[in-house]
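Listed below, chain by chain, are the residues.
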Amino acid sequence: MSRLAAVFAKLEKNGRKALVPYIVAGDPSPALTVPLMHELVRQGADILEIGVPFSDPMAEGPVIQLAHERALANKVTLTMVLELVTEFRKSDQDTPLVLMGYANPIERMGYQVFADRAASAGVDGLLTVDMPPEEAEQPTRILRAAGIDNIFLLAPTSSEDRIKKIVSLASGYLYCVSLNGVTGAGNLDIKAVSEKLASIKRFTDLPITVGFGIKDGVSAAALAPLCEGVVVGSALIERLVATDADKTVEQRAALAAALIAEIRSAIDA
Amino acid sequence: MSSKVAKADFSQFPDASGHFGIYGGRFVSETLVFALDELEAAYQRLRKDPDFQAEFDHDLAHYVGRPSPLYHAKRWSTEVGGAQIYLKREDLNHTGAHKVNNTVGQALLAKYMGKKHVIAETGAGQHGVASATVAARLGMSCKVFMGEDDIHRQALNVYRMKLLGAEVISVKSGSKTLKDAMNEAMRYWVTNVEDTFYIIGTAAGPHPYPMLVRDFQSVIGREAREQCLTQNGRLPDALVACVGGGSNAIGLFHPFLDDEDVAMYGVEAGGDGVDTGRHAAPLNDGIPGILHGNRTYLMQDEGGQIIETHSVSAGLDYPGVGPEHSWLKDLGRVNYVAINDDEALAAFRKLTLVEGIMPALESAHAVAYAEKLAKTMSPEQSIVVNLSGRGDKDIHTVATIDGIGIE
């Protein structure tokens, strides 16, 4: 069983929901990334989504855009992201890792090379924001052969036909975008999300995580009963950059990850 | 025989999924797919709607001022001493460039789709001005996304847009230029898909944009083809147009693609020189990849990050290019060449002095290449150059290069 399947099976058995933090690799510094990943797990994260920096992150709001810019200023490449994953795996064999990014850096490396290197580094899933199902058949085949789940976005505006098309390619879990907007937006509508999730669940048994617009324990707790997991990105990154750069890497990681502990207890309550 | 195959082919692209060979497509977040589906469905319906086409043709004739002349630059041709050079005078359009052909078409689409608000991205400001112009005419609100650096460089066009009632939104992310303005416009669109129409300014972006921008701009080539036949009784031997995103070039080229004896030259911005790396010539020195919703040749580094471009001409300063150009390059149907900043500036001065026509710095790239090409041809042959815009907007840039301060 894959790490992702194992985590979702265990959560379901215990009646809990997945807490999925998102950070950008190398932001605010490459030295902070692996300690932060471990700290997020310690404070209650079940799965980690690791952003692969890109020069043109078209679907991101301002907070995550700046995270990509800082990572690129630190000269973080896809190769380096895989090295950080390798380092993380030395002391954590269980927490699933999902890389989230844009198609061009992966295309430039080549899907086969990426899949082989990512699998040996210990990556469990890939979410390519700008890779629609129409273009994804071959990449999905290559990723799956390497044991990597291809994870897709679903939007509030996805039609039934598209939902069917996407679930036919997806594995691991589905990432349902909670609103019409970019990451970190503030216009979350719980009722609309609930209706959307019900319509998606008619076509698939895959776990569904919800993201975009989850800021704190309150918003996470409102969404968690509707789905199998919640993703927290912008709010965590805001917390991270607000930490004092003079503090040690461990202190900064602990301060930022405290948000994850807060959300953990809110969704478990 | 082979020409018949070619004829069938060119008219059938993009294919049903928006591809030109391996290029094009729709590489966007799922959140944008609904809006693109809606746009595509509306356009497929309206392109066959006689009322829509009649209104578009009417607006092109009476608002834009079409057809634009095909002008025989006799003095310049004689001085060059080779082929006869004709200028397709898109600079004489309302707002001073070919951009308005497309904004009139897209704004009309917005109107038929019942959208009340339009947004646009702009680099030098020409597309922003053309969008603000049509929005003013149709009583729609208009937001123009523009990189912070470009806002400082193009203060005159920023003010023009404001006079036209548009709101100019400063984009501070990334390199603060055209590509970032496009990212930001896409982000705004995702959040406001219900009531907002995004007017993309060039033949790039996700399907159906490369197709519909090409279709709206193809009036240039259709007119030029007919004007050549009327004036000379035959087709030209070569077409020359500058290529940034490539909308004026595809507009000129497309109606001639089946005419095998018409050679075509797309002229990219060579900046300091293609071999210096400081340029905006992805078809000459780029690698295919994915940006702004389509697969196409891109300026990118080894890690797949988009790199900064350099050109004296803001309108060509873009790291990608329309996907149909990438396809035409690989097919060998169009030759893509580059002209450096200094050559374009020399052509700007030359055409101004010899013909009394001041070209936009973008168009000056095509002018410069046409002169090189004409020298290799005979006086019985002819070249059509797309004079895609007028140079008034660039006087400040040229004066600065000359060391003259103009306020």
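Residues numbered from 1 in each chain as written. Chains lettered and ligands numbered in written order. Predicted model: local features only at pLDDT ≥ 70, side-chain atom pairs only at ≥ 80, totals over all residues. Heavy atoms only, no water.

- As annotated in an unreviewed UniProt entry, chain B carries the name Tryptophan synthase beta chain and comes from Zhongshania aquimaris.
- UniProt's Subunit (unreviewed entry) comment on chain B is quoted here verbatim: "Tetramer of two alpha and two beta chains."
- As stated in UniProt under Catalytic activity (unreviewed entry), the record for chain B gives "(1S,2R)-1-C-(indol-3-yl)glycerol 3-phosphate + L-serine = D-glyceraldehyde 3-phosphate + L-tryptophan + H2O". (UniProt positions renumbered as here; feature names shortened; annotations may be inferred.)

- If you look chain A up in an unreviewed UniProt entry, it shows as Tryptophan synthase alpha chain from Zhongshania aquimaris.
- As recorded by UniProt, the Catalytic activity (unreviewed entry) comment attached to chain A reads in full: "(1S,2R)-1-C-(indol-3-yl)glycerol 3-phosphate + L-serine = D-glyceraldehyde 3-phosphate + L-tryptophan + H2O".
- Looking at chain A in UniProt, the text filed under Subunit (unreviewed entry) is "Tetramer of two alpha and two beta chains."

Comments concerning the overall build of chain B
Reasoning step 1: A tally of helices and strands in chain B yields 17 helices and 14 strands.
Reasoning step 2: The C-alpha radius of gyration computed for chain B amounts to 20 Å, which stays within 12% of the reference 22 Å derived for 407 residues, consistent with globular compactness.
Reasoning step 3: Considered along the principal axes of its C-alpha atoms, chain B spans approximately 55 × 55 × 50 Å.
Reasoning step 4: A total of 407 residues make up chain B; the buried ones form 64% of that total.
Reasoning step 5: Here the contacts in chain B between residues at least 6 apart in sequence split such that 73% fall between residues at least 24 apart. (Helix = DSSP H or I, 4+ residues; strand = E, 2+ residues; numbered from the N terminus. Rg over C-alpha atoms; globule rule 2.2 N^0.38 Å. Buried < 20%, exposed > 50% of the residue type's maximum accessible area, 1.4 Å probe, protein only. Contact = heavy atoms within 4.5 Å.)

Side note on the interface of chain A and chain B
In many reports, interface size means the accessible area that the parts give up when they come together.
Reasoning step 1: Opposite the 34 residues of chain A that make contact, chain B presents 36 residues.
Reasoning step 2: Around 2900 Å² of area is buried between chain A and chain B when both sides are counted, 50% of it from carbon and sulfur atoms.
Reasoning step 3: Linking chain A to chain B there are three salt bridges.
Reasoning step 4: Between Arg 162 of chain A and Glu 30 of chain B there is a salt bridge whose closest N-O contact spans 2.9 Å.
Reasoning step 5: For the interface between chain A and chain B, the tally reads 19 residue pairs in polar contact (both at pLDDT 80 or more).
Reasoning step 6: Residue assignment for the side of chain A that touches chain B shows that the elements contributing at least two residues are α3 (62-73), α5 (103-109), β6 (152-154) and α8 (160-169) of chain A. (Buried area = accessible area lost by both parts, 1.4 Å probe. Salt bridge = Lys/Arg side-chain N within 4 Å of Asp/Glu carboxyl O. Polar contact = N/O pair within 3.5 Å; in protein donor to acceptor, adjacent residues only side chain to side chain.)

Topic: the domain arrangement of chain B
All names here are of chain B.
Reasoning step 1: In terms of domain boundaries, chain B breaks down into domain 1 (20-60 + 99-213) and domain 2 (65-96 + 217-401).
Reasoning step 2: When each unit is reduced to the centre of its C-alpha atoms, the spacing between domain 1 and domain 2 is 22 Å.
Reasoning step 3: Here domain 1 meets domain 2 over a buried area of about 3000 Å², counting both sides, of which 61% is carbon and sulfur.
Reasoning step 4: Contact with domain 2 buries surface across domain 1, with Tyr 23, Phe 27 and Asn 101 losing the most and accounting together for 23% of the total.
Reasoning step 5: Along the contact surface separating domain 1 from domain 2 lie zero salt bridges.
Reasoning step 6: In this structure, the connection of domain 1 to domain 2 is made through 13 residue pairs in polar contact (both at pLDDT 80 or more). (Domains from an automatic or database assignment.)

Here's the deal with the UniProt feature "active site" (unreviewed entry) in chain A
Reasoning step 1: Feature annotation in UniProt places "active site" (unreviewed entry) on Glu 49 and Glu 60 of chain A, given in this structure's numbering.
Reasoning step 2: When its relative accessible area of 0% is taken as the criterion, Glu 49 of chain A is described as buried.
Reasoning step 3: The residues touching Glu 49 of chain A, leaving out its near neighbours within four places in the chain, are Val 20, Pro 21, Tyr 22, Ile 23, Val 98, Met 100, Tyr 173, Tyr 175 and Val 231 of chain A.
Reasoning step 4: On the secondary structure map, Glu 60 of chain A appears in the loop between β2 (48-51) and α3.
Reasoning step 5: Given a relative accessible area of 3%, Glu 60 of chain A falls into the buried group.
Reasoning step 6: Other than its neighbours up to four places away in sequence, Glu 60 of chain A contacts Tyr 22, Gln 65, His 68, Tyr 102, Val 182 and Thr 183 of chain A together with Arg 187 of chain B.
Reasoning step 7: A distance of 2.8 Å separates the side chain of Glu 60 of chain A from the side chain of Tyr 102 of chain A, its partner in a polar contact.

Describing the sheet that holds strand β5 (residues 117-122) of chain B
All names here are of chain B.
Reasoning step 1: Spatial strand order, β7-β6-β5-β8: four strands in an open sheet with parallel pairing. Strands with a single pairing partner mark the edges of an open sheet, and in this sheet they are β7 (167-171) and β8 (196-199). Averaged over all neighbouring strand pairs, the angle between strand axes comes to 25°, with direction disregarded.
Reasoning step 2: Examined bridge by bridge, β5 and strand β6 (residues 141-147) share six bridges and lie parallel to one another. By the bridge assignment for β6, Val 118 is matched with Cys 142. (Pairing = 2+ DSSP bridges. Axes fitted to C-alpha atoms, helices over the stretch in contact; angles between N-to-C directions.)

Side note on the sheet that holds strand β4 (residues 125-128) of chain A
Residue and element names in this part refer to chain A.
Reasoning step 1: Spatially, the nine strands line up as an open sheet ordered β5-β4-β3-β2-β1-β9-β8-β7-β6, and their pairing is parallel. The sheet is open, and its two borders are formed by β5 (149-150) and β6, each paired with just one other strand.
Reasoning step 2: Of the strands in this sheet, β6, β7 (174-177) and β8 (208-211) touch helix α9 (residues 190-201), which is tilted by about 155° from β8.

Looking at the UniProt feature "modified residue: N6-(pyridoxal phosphate)lysine" (unreviewed entry) in chain B
All names here are of chain B.
Reasoning step 1: Cross-referencing UniProt, the feature "modified residue: N6-(pyridoxal phosphate)lysine" (unreviewed entry) maps to Lys 99 in the present numbering.
Reasoning step 2: Locating Lys 99 in the fold gives a position in helix α5 (residues 99-112).
Reasoning step 3: Sequence-distant contacts of Lys 99, that is, excluding residues within four places in its chain, are made with Gln 126, His 127, Ala 130, Gly 201, Thr 202, Gln 217 and Ser 247.

Description of the nonpolar core
Reasoning step 1: By size, the foremost hydrophobic cluster in this structure holds 192 residues, and its most contacted members are Leu 99 and Phe 114 of chain A.
Reasoning step 2: Here this core gathers at least three residues from each of two domains, domain 1 (20-60 + 99-213) and domain 2 (65-96 + 217-401) of chain B.
Reasoning step 3: Setting aside residues no more than four positions away along its own chain, Leu 99 of chain A makes contact with Ile 50, Val 52, Val 81, Leu 82, Val 85, Phe 114, Val 123, Gly 125, Leu 126 and Leu 127 of chain A. (Core = buried A, V, L, I, M, F, W, Y, C linked by side-chain atoms within 4.5 Å.)

Quick word on the pairing of strand β9 (residues 238-242) of chain B
Working note: regular strand, side chains alternate between the two faces of the sheet.
Residue and element names in this part refer to chain B.
Reasoning step 1: Most of β9 sits out of view: five of its five residues are buried.
Reasoning step 2: Side chains of β9 alternate between two faces, with Ala 238, Val 240 and Cys 242 and Leu 239 and Ala 241 buried alike.
Reasoning step 3: In this structure, β9 lies alongside strand β10 (residues 263-271), joined through five bridges in parallel fashion. Paired with Leu 239 across the two strands is Met 264, which belongs to β10.
Reasoning step 4: Where the polypeptide runs from β9 across helix α12 (residues 247-253) and back to β10, its parallel neighbour, the crossover connection is right-handed.
Reasoning step 5: Across three bridges, the pairing between β9 and strand β14 (residues 382-387) is parallel. Bridge pairing in β14 links Val 240 to Val 385. (Right-handed = clockwise from strand over helix to strand, strands pointing away.)

Comments concerning a nonpolar patch on the surface
Residues and elements named next belong to chain B.
Reasoning step 1: On the surface, a cluster of nonpolar side chains totalling about 230 Å² of accessible area is made up of Ile 395, Ile 404 and Ile 406.
Reasoning step 2: Inspection of the secondary structure assignment puts Ile 406 in the segment after α17 (395-401).
Reasoning step 3: Note on Ile 406: relative accessible area 35%, which makes it partly exposed. (Patch = residues over 30% accessible without salt bridge, like charges linked within 9 Å, V, L, I, M, F, W, Y side chains within 5 Å. Areas by Shrake-Rupley, 256 points an atom, 1.4 Å probe, with all protein chains shown as cover.)

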